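Single-letter residue listing:
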Amino acid sequence: MYLPPHDPHVDDPMRFKPLFRIHLMERKCATVECMYGHKGPHKGHVQIVKKDEFSTKCNQIDHHRMSGGRQEEFRTWLREEWGRTLEDIFHEHMQELILMKFIYTSQYDNCLTYRRIYLPPGSPDDLFQPGLFKGTYGSHGLEIVMLSFHGKKAKGTKITGDPNIPAGQQTVEIDLAHPLQLPDIENLRDFSELSRIVLEVQEQVRREEQEQQQEEEVHSQPAASQPHSPLGGEGAEGEETAAGAEGTTQDKAPASQPFVLPMGVRSRNEDYPRTCRICFYGTGLIAGHGFTSPERTPGVFVLFDDDRFGFIWLELKSFSLYSRIKVPFQNAQAPSREAFDEMLKNIQSLAT
């Protein structure tokens, strides 16, 4: 199991923890050992469920328990997961979220199901290389997000989740057709100014979506009732112009521009880059505990360099910093774009 570094150090390397091992014997036999817990290897079981899916089960769950009971187990988990003790965490809300995560994850330490995850395929037209990233999520700590490109959209899918947004859900979506022109560095410190810019773009996106929906309704009517439109007419020309404008915007973006978080925006990691390449309008998914009342809210995607980006959650007045995972996973490339898209649908359906 690959674990993110301790919060909020997103640039630190991933941590590695063995979960099980298989001893191959003669005559096609094998023994399985569970590596979970603190009492050493013990008997386990592996079952192949179907293609690209298998499960492991521990046959000696008592090896996962500690003599000091759940309290000792929680304190040990806290040191490993967060690199600190409960006394170090003064915020009551953060203590509550951490306890919820421990209770949830400890329910499944004896039986786990594994499903294959493909790395997102890249394209020369991508803004930067897609992949896996470690990101700060406030009191939830660090989580793993897969960033992939889909035409004029980029999507961040949670690989690990929390009590609010589970794994498999789309945590952020970046609208690559709507770059944002940030104000100068002094005005950028004013949250209301940034909010005004983002909400204007949000309204523009809403109008464009309405217009597109109306056009689709017109085109879906019987052919006899539609006005004749020659090839290469206004509609096709408009599409070319929009695509051209998008490319021009990215090409003309400065190599770097000053960046600072507006006053009042909270960040777990204050060591974020002070220059960025380009920003885009985007939306972030927020919800109550147990994924209740989920909604997409406006935000700002900030590309710092090839390995780091950020997202300002406007409604939460919060900032997430993401750093690329550089572990060389083998045999993880998708055999096709269709296979990757199908995998994304599957992990999202599991989450819901």
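Keep in mind that what you see is a predicted model, and the values were worked out from it rather than measured.

With respect to the packing of helix H1 (residues 69-82) against helix H2 (residues 92-106)
Alright, step 1. Two elements in contact, H1 and H2, have axes whose closest approach is 11 Å; the angle formed by their N-to-C orientations is 105°. Of the possible angle classes, the one that applies to H1 and H2 is roughly perpendicular. Taken together, the residues of H2 that come into contact with H1 (itself represented by Arg-70, Glu-73, Phe-74, Trp-77, Leu-78, Glu-81 and Trp-82) are Met-94, Ile-98, Leu-99, Lys-101, Phe-102, Thr-105 and Ser-106.
Alright, step 2. Tallied by class, residues from the contact of H1 with H2 come to eight nonpolar, two polar and four charged.

Concerning the environment of Ile-165
Alright, step 1. Relative to the assigned elements, Ile-165 resides in the loop between strand E10 (153-158) and strand E11 (170-180).
Alright, step 2. Look at Ile-165 and you get buried, because its relative accessible area is 5%.

Describing the confidence of the model for the protein chain
Alright, step 1. Of the residues in the protein chain, 89% reach a pLDDT of 70 or more, and the chain-wide mean stands at 85.
Alright, step 2. Model confidence for the protein chain, summarised as mean pLDDT per element, is weakest for helix H5 (residues 234-251) at 38 and strongest for strand E17 (residues 308-313) at 97.

With respect to the sheet that holds strand E6 (residues 53-58)
Alright, step 1. Within the open sheet, the five strands sit side by side as E3-E4-E5-E6-E7. Their pairing is antiparallel. If you trace the sheet from one side to the other, it starts and ends with strand E3 (20-24) and strand E7 (111-115), each paired once. Going across the sheet, the axis of each strand differs from the next one's by a mean of 30°, ignoring polarity.
Alright, step 2. The pairing of strand E4 (residues 30-34) with strand E5 (residues 42-50) spans two bridges and is classified as antiparallel.

What counts, and where the lines are drawn
Residues numbered from 1 in each chain as written. Predicted model: local features only at pLDDT ≥ 70, side-chain atom pairs only at ≥ 80, totals over all residues. Heavy atoms only, no water. Axes fitted to C-alpha atoms, helices over the stretch in contact; angles between N-to-C directions. Helix = DSSP H or I, 4+ residues; strand = E, 2+ residues; numbered from the N terminus. Parallel < 35°, antiparallel > 145°, perpendicular 65-115°, else oblique. Contact = heavy atoms within 4.5 Å. Nonpolar A, V, L, I, M, F, W, Y, C, P; charged D, E, K, R; others polar. Buried < 20%, exposed > 50% of the residue type's maximum accessible area, 1.4 Å probe, protein only. pLDDT = per-residue confidence, 0-100. Pairing = 2+ DSSP bridges.

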